[in-house]
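What the coordinates show
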Amino acid sequence: MKIHVPKITEEGLDLAFSRDGKWLRELLPAEEEDRFSIERVDVACSVRKVRDSVFVEGSLDTVIETDCSLCLEKARIPVKSRFHYTFVPRRGEVEEEKELTAEDMDVEYYQEETIDLDPIIVEQIVLQIPIRVVCRETCRGLCPQCGINLNTSSCTCSEKKIDERLSVLKDLKLKS
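Bear in mind that the values here come from a model prediction, so they are computed numbers and not experimental data. (Residues numbered from 1 in each chain as written. Predicted model: local features only at pLDDT ≥ 70, side-chain atom pairs only at ≥ 80, totals over all residues. Heavy atoms only, no water.)

1. Some words on the environment of Ser 153
As for its position among the elements, Ser 153 is in the segment after helix H2 (118-127). Separated by 11 residues in sequence, Ser 153 and Leu 142 place their C-alpha atoms 9.8 Å apart. (Helix = DSSP H or I, 4+ residues; strand = E, 2+ residues; numbered from the N terminus.)

2. A short note on the sheet that holds strand S2 (residues 13-20)
Here we have 5 strands laid out as an open sheet, ordered S2-S3-S4-S5-S6, and mixed in their pairing. Where the open sheet ends on each side, the last strands, each with one partner, are S2 and strand S6 (107-110). The mean inter-strand angle of the sheet, taken between neighbouring strand axes irrespective of direction, is 25°. Of the strand pairs in this sheet, strand S3 (residues 36-50) and strand S4 (residues 53-67) are connected by 13 bridges, and their pairing is antiparallel. Pairing of Phe 36 across the sheet is with Thr 66, part of S4. (Pairing = 2+ DSSP bridges. Axes fitted to C-alpha atoms, helices over the stretch in contact; angles between N-to-C directions.)

3. Let's talk about the side chain of Asp 118
Structurally, Asp 118 is set in helix H2. Residues contacting Asp 118, with those up to four places away along its chain left out, are Met 1, Arg 19, Trp 23 and Leu 27. (Contact = heavy atoms within 4.5 Å.)

4. Some points on unusual backbone geometry
The residue Leu 72 is not glycine, and still its phi comes out positive at about 70°. Among the secondary structure elements, Leu 72 is positioned in the loop between S4 and strand S5 (74-89). In this structure, Glu 113 is a non-glycine residue whose phi angle is positive, near 60°. On the secondary structure map, Glu 113 appears in the loop between S6 and strand S7 (114-116).

5. A short note on the nonpolar core
Val 54, Phe 87, Leu 117, Ile 121 and Ile 125 are the most contacted members of the largest nonpolar core, which has 36 residues in total. Of all the secondary structure elements, the ones that give two or more residues to this core are S2, helix H1 (21-27), S3, S4, S5 and H2. Those residues in contact with Ile 125 that lie beyond four places of it in its chain are Trp 23, Phe 36, Ile 38, Val 41, Leu 60 and Ile 64. (Core = buried A, V, L, I, M, F, W, Y, C linked by side-chain atoms within 4.5 Å. Buried < 20%, exposed > 50% of the residue type's maximum accessible area, 1.4 Å probe, protein only.)

6. Here's the deal with the side chain of Thr 62
Inspection of the secondary structure assignment puts Thr 62 in strand S4. Residue class for Thr 62 comes out buried when judged on its relative accessible area of 4%. Of the polar contacts made by the side chain of Thr 62, one reaches the backbone oxygen of Arg 40; its length is 2.7 Å. If near-sequence neighbours (up to four positions away) are discounted, Thr 62 is found in contact with Ile 38, Arg 40, Val 41, Ile 77, Pro 78 and Val 79. (Polar contact = N/O pair within 3.5 Å; in protein donor to acceptor, adjacent residues only side chain to side chain.)

So this is what it looks like as structure tokens:
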């Protein structure tokens, strides 16, 4: 979704749009395409302009599908997120090394009087993916010995398999 800055009226714009999973795959780098997917994302935002600065506040609603970190089955994560950005026109060269403040994190630049919201929406989706995804709170994961999914089957592997290299330590007694 592209916004042409001169067309933003004094009252601002209220936008609502949806994108599908194909849209997301086209915007992601090739190495990230298989990491997660969505069926669709619904976005609603309001756009306001003050002089050259453009303020965008919005929300997105989607369901992210990715692999569970414990059992490797598909996990679905519902996401409802709010975001806000300030867009300012890019003027001249940007300093390469500068310490960013918290306020700088919400500032983006636009060029040629156009703001592209697609990278912002992708960024917001990616930021919502937890580092460790679990399909459900009670997920038991995979057996470390045989690799069977403990959520669907049980195995006969012994729970207390001791590494033979450390077996000499089992008879060690500590003095108190």
